[in-house]
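Descriptive analysis of the structure
Read off the chains here:
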Amino acid sequence: MNKKTSDPSLKLPPAYKTFLMLALVFLPFFWLAFTEDGQRRTDLALMALLGKPELNAALDVFESHLTEAQLRETFPRLELRCAAGANPFGNRLCAAEIGSFNQYPASSVTFFFLDEQLRAAKVVYRRAYHELMHQWLTRRLAEREAPALPGAPLPEAEPGVRAEPVRDGLLLMRAGELGRDEEPALIWLSGVALAERS
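Here's what I pulled together on the structure shown here. (Residues numbered from 1 in each chain as written. Predicted model: local features only at pLDDT ≥ 70, side-chain atom pairs only at ≥ 80, totals over all residues. Heavy atoms only, no water.)

Pairing between side chains becomes possible if they bear opposite charge and their charged atoms approach one another. As enumerated under the stated definition, the model contains nine salt bridges in all. Here R72 makes a salt bridge to E68, at a shortest N to O gap of 3.0 Å. You can see R72 and its partner E68 sitting in helix α3 (residues 68–74), four residues apart, about one turn around the helix. Where K122 meets E183, a salt bridge forms, and the shortest distance between an N and an O atom there is 3.0 Å. Taken together, the positions of K122 in strand β6 (residues 117–125) and E183 in the loop between β8 (169–174) and β9 (185–189) put the pair 61 residues apart, joining distant regions of the chain. The class for K122 is partly exposed, based on a relative accessible area of 21%. (Salt bridge = Lys/Arg side-chain N within 4 Å of Asp/Glu carboxyl O. Helix = DSSP H or I, 4+ residues; strand = E, 2+ residues; numbered from the N terminus. Buried < 20%, exposed > 50% of the residue type's maximum accessible area, 1.4 Å probe, protein only.)

Set out below in structure tokens:
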């Protein structure tokens, strides 16, 4: 009976095995804790564990004729709290806490209505993801056809504000780095709201 003998040259040195085991344990932790993408995914997982709903919304295709009922039907997990009263874009607003906006950690969304019709929407995202939101917006708009601009010229954005024309209105966010007192927000203004303010 022949006994198989193992070739000692094929055995891994103990130090190498230890290094491999440490790498398997610490590399995922390092990726989650110290890389931008890892931190984003960790934050998303945490928000999901806390029960914060996702908002996967194409703000660039929102339209002025959307109603509160349509938004509630489209985003049933949002716990919208509404209040009547004058606001910068109408006479009623509805807000909800969220955990993410299109896979980026976020904290809230607010919809502004004039009577029953949507006039504006504001998503407040996490400050740490401001630059990534700029990149997301650039990619998002590159995937879409250029909007047919209205006959009237669009208002000029304030200095330091990024203004992107979309199908019905503008998407606005702070350009460059956020100041200490500046809110990290992406705002959609409908064409009707822009016309009313001009």
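That covers the picture; the talk isn't over yet.
Moving on: the environment of R119. Within the secondary structure layout, R119 lies in strand β6. Residue R119 is classed as buried on the basis of its relative accessible area of 7%. Each C-alpha atom, one on R119 and one on W188, is 8.4 Å from the other, the two residues being 69 residues apart in sequence. Discounting chain neighbours no more than four positions away, the residues touching R119 are S64, F89, F112, F113, L114, W188, L189, S190, V192, A193 and E196. A distance of 3.3 Å separates the side chain of R119 from the backbone oxygen of S64, its partner in a polar contact. (Contact = heavy atoms within 4.5 Å. Polar contact = N/O pair within 3.5 Å; in protein donor to acceptor, adjacent residues only side chain to side chain.)

Tracing the chain through its elements places E97 in strand β3 (residues 90–97). On the basis of relative accessibility, which here comes to 47%, the residue E97 falls in the partly exposed class. The spacing of E97 and E79 is 18 residues in sequence and 7.4 Å in space, taken between C-alpha atoms. Ignoring anything within four residues of it in the chain, the contact list for E97 reads K52, P53, S107 and S108. Side chain to side chain, E97 and K52 meet in a polar contact 2.4 Å long.

Residues L55, L59, F62, L78, F101, F111 and L186 are the most contacted members of the largest nonpolar core, which totals 32 residues. Counting residues per element, the ones that place at least two in this core are β3, β5 (104–114), β6, α4 (130–142), β8 and β9. Here this core gets five residues from one element, more than from any other, and that element is β5. Once you skip the residues sitting within four places of it in the chain, F111 turns out to touch F62, L71, L78, L80, R92, L93, C94, L118, A120 and A121. Core analysis: the next-biggest nonpolar cluster, separate from the first, contains seven residues, F89, F112, L170 and L194 among them. (Core = buried A, V, L, I, M, F, W, Y, C linked by side-chain atoms within 4.5 Å.)

Here the focus is unusual backbone geometry. With phi around 70 degrees, Q103 is a residue other than glycine that occupies positive phi space. Here Q103 shows up in the loop between β4 (100–101) and β5. With a relative accessible area of 37%, Q103 lands in the partly exposed category. Positive phi is not limited to glycine here, since D115 has a value of about 60 degrees.

Counted residue by residue, β6 has seven buried out of nine residues, so it is predominantly covered. Pairing analysis gives eight bridges linking β5 to β6, with the strands arranged antiparallel. Bridged to F113 within β6 is L118. Connecting β5 to the antiparallel partner β6 that follows it, the hairpin turn spans two residues, and D115 within it adopts a positive phi of roughly 60 degrees. (Pairing = 2+ DSSP bridges.)

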